[in-house]
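These are the residues of each chain, in order.
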Amino acid sequence: MKRLLGFIAAMAAALALTGCGYNQFQQLDEQTKSAWSEVLNQYQRRADLVPNIVASVKGEANFEQETLTKVIEARAKATSIQATPELVNNPEAFNKFQQAQGELSSALSRLMVVSERYPELKANQAFRDLRVTLEGTENRITVARNRYIESVQAYNVLARSFPSNLTAMVMGYKPKANFTVQNEAEISRPPTVDFSNTPAASKP
C-alpha cells in the first residue's frame, strides 16, 4: 500500500512539474546553451583569423599603424573575457562581452576600408582569401546570434508567463541576457536629408 501511495505521489509530482513548465524550462535552457556555444564558436573562428590578417597587412609598406594597432588591441580585449555558459546569466558581464566583440567588429571593418587604399594589398591573393573568409565568418556570427536571440526570447517568455513564472520563481530560473544593438541611440535618430547641394535638374 505504501509503495502504491508513493508511486501515485511521484506520478502526481511529475504531472505537476510538466503542467507548470518545468520540462519546457529544461528544454529551452539546453537550446539557449547550444545556441550560445555556436555564437562563441564563430567569435573564436573570427579571433583566430585576426593574426593572419594582421600578418598580411604588416607586409604592406606604410600601412596605417593606428588602424592595425586598434585591431590587435580589440582582439586582445575580446579574447581576454572568459565566455563561460554562466555569462548569459550575468547581464553586466554579458554586456562587457558584447561591447568587446563590437569593438573588434568595428576595428576589423575599419581595417577592411583602409585596405582599399592599397592596391598591392588588394591584389594579394592571401589577403583576398582571408577577407573572403572573414566576410563568411561575420555572416556566420550573424546567423548564430539570431538563433541565440530566438532561443533566449522563447526562454524569457516562458519565465515571465503565468503559471510557468511561478516555477521560475521557485526554481530560480531568471530571464537570460540577450544581444542588443550597441548604437541603438544612433540608429533611432532619423537620417538628415539635405538637398541644398543637389544640382538643379537639367531642362529638356
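Residues numbered from 1 in each chain as written. Predicted model: local features only at pLDDT ≥ 70, side-chain atom pairs only at ≥ 80, totals over all residues. Heavy atoms only, no water.

As a further point, take the overall build of the protein. What the protein contains, in helices and strands, is eight helices and zero strands. Reading the helices (α) and strands (β) of the protein from amino to carboxyl end gives α-α-α-α-α-α-α-α. Counting every position in the protein, which comprises 204 residues, the buried fraction comes to 31%. Accessible surface computed for the protein: about 13,400 Å², of which carbon and sulfur atoms make up 55%. (Helix = DSSP H or I, 4+ residues; strand = E, 2+ residues; numbered from the N terminus. Buried < 20%, exposed > 50% of the residue type's maximum accessible area, 1.4 Å probe, protein only. Areas by Shrake-Rupley, 256 points an atom, 1.4 Å probe, with all protein chains shown as cover.)

Take the pattern of salt bridges next. Opposite charge on two side chains permits pairing when their charged atoms draw close. As enumerated under the stated definition, the model contains 12 salt bridges in all. The closest approach of N and O atoms between E116 and K122, which form a salt bridge, is 3.2 Å. When its relative accessible area of 37% is taken as the criterion, K122 is described as partly exposed. Among the salt bridges present, the one from R131 reaches E135, with a minimum N-O distance of 3.9 Å. Of this pair, R131 and E135 both sit in helix α6 (residues 125-160), four residues apart, roughly one helical turn. (Salt bridge = Lys/Arg side-chain N within 4 Å of Asp/Glu carboxyl O.)

Here the focus is the packing of helix α4 (residues 91-115) against α6. At a closest axis distance of 12 Å, the pairing of α4 and α6 adopts a crossing angle of 150 degrees. Classified by the angle their axes make, α4 and α6 are roughly antiparallel. Helix-helix and strand crossings are classified by hand; for α4 and α6 the assignment is left-handed. From α4, F94, Q98, S105, L108, M112 and S115 reach across to α6, where they touch F127, R131, L134, E138, R145 and Y148. (Axes fitted to C-alpha atoms, helices over the stretch in contact; angles between N-to-C directions. Parallel < 35°, antiparallel > 145°, perpendicular 65-115°, else oblique. Left-handed = near helix turned anticlockwise from the far one by under 90°. Contact = heavy atoms within 4.5 Å.)

Checked against the element boundaries, L87 lands in the loop between α3 (65-80) and α4. The sequence separation of L87 and F97 amounts to 10 residues, and the corresponding C-alpha distance is 8.7 Å. For L87, the residues in contact, after removing those within four places along its chain, are W36, A93, F94 and F97.

Looking now at the environment of Y43. Counting through the fold element by element, Y43 comes out in helix α2 (residues 22-58). Spatially, the C-alpha atoms of Y43 and R140 are 9.1 Å apart, while their sequence positions differ by 97 residues. With residues near it in sequence (within four places) discarded, Y43 still touches F97, Q101, I141, R145 and F179. Within polar-contact distance, the side chain of Y43 engages the side chain of R145 at 3.1 Å. (Polar contact = N/O pair within 3.5 Å; in protein donor to acceptor, adjacent residues only side chain to side chain.)

Here we take up the confidence of the model for the protein. Put simply, the protein has an average pLDDT of 81, and 78% of its residues get 70 or more. In this model, residues 183-204 is a region of pLDDT below 50 whose contacts with residues beyond four sequence positions or in other chains number one contact. (pLDDT = per-residue confidence, 0-100.)

By volume, the second largest pocket is sized at about 160 Å³. At the level of secondary structure, the elements contributing two or more residues to the lining of the second largest pocket comprise α2, α3 and α4. Here the element with the most residues in the lining of the second largest pocket is α2; it accounts for four residues. Here the residues of the lining of the second largest pocket sort into seven nonpolar, three polar and no charged. (1 Å grid on protein atoms, 1.4 Å probe; cavity = no way out; pocket = protein on both sides within 12 Å on 5 of 7 lines; lining within 4 Å. Points joined across faces, edges and corners; volume = space filled by probe spheres on them. Nonpolar A, V, L, I, M, F, W, Y, C, P; charged D, E, K, R; others polar.)

When the terminal C-alpha atoms of α3 are compared, their 22 Å separation across 16 residues agrees well with the 22 Å that a helix rising 1.5 Å per residue should span. In this structure, the buried residues of α3 make contact with α2 and α4. (Expected span 1.5 Å × (residues − 1).)

This brings us to the packing of aromatic side chains. For any two aromatic rings, the description comes down to two numbers: the centre-to-centre distance and the angle of the planes. Scanning the model with the defined rule gives 11 aromatic pairs in all. Look at W36 and Y148: their rings are 5.4 Å apart centre to centre, the planes differ by 50 degrees, and that puts the pair in the tilted class. Taken together, the positions of W36 in helix α2 and Y148 in helix α6 put the pair 112 residues apart, joining distant regions of the chain. Just as W36 is buried, Y148 falls in that class too. Taking the centre distance of 4.9 Å and the plane angle of 40 degrees together, the rings of F63 and Y118 count as tilted. Taken as a pair, F63 in the loop between α2 and α3 and Y118 in the loop between α4 and α5 (119-123) lie far apart in primary sequence, 55 residues in all. The residues F63 and Y118 share a single accessibility class, namely buried. Clustering of aromatic rings is evident, with ring pairs tying together W36, Y43, F94, F97, Y148 and F179. One cation-aromatic arrangement involves R145 over F179; the distance from NZ or CZ to the ring centre is 4.1 Å. Sitting over the ring of Y155, K176 keeps its end group 4.7 Å from the ring centre. (Phe/Tyr/Trp six-rings, centres within 6.5 Å; stacked < 30°, edge-to-face > 60°. Lys NZ or Arg CZ within 6 Å of the ring centre and 35° of its normal.)

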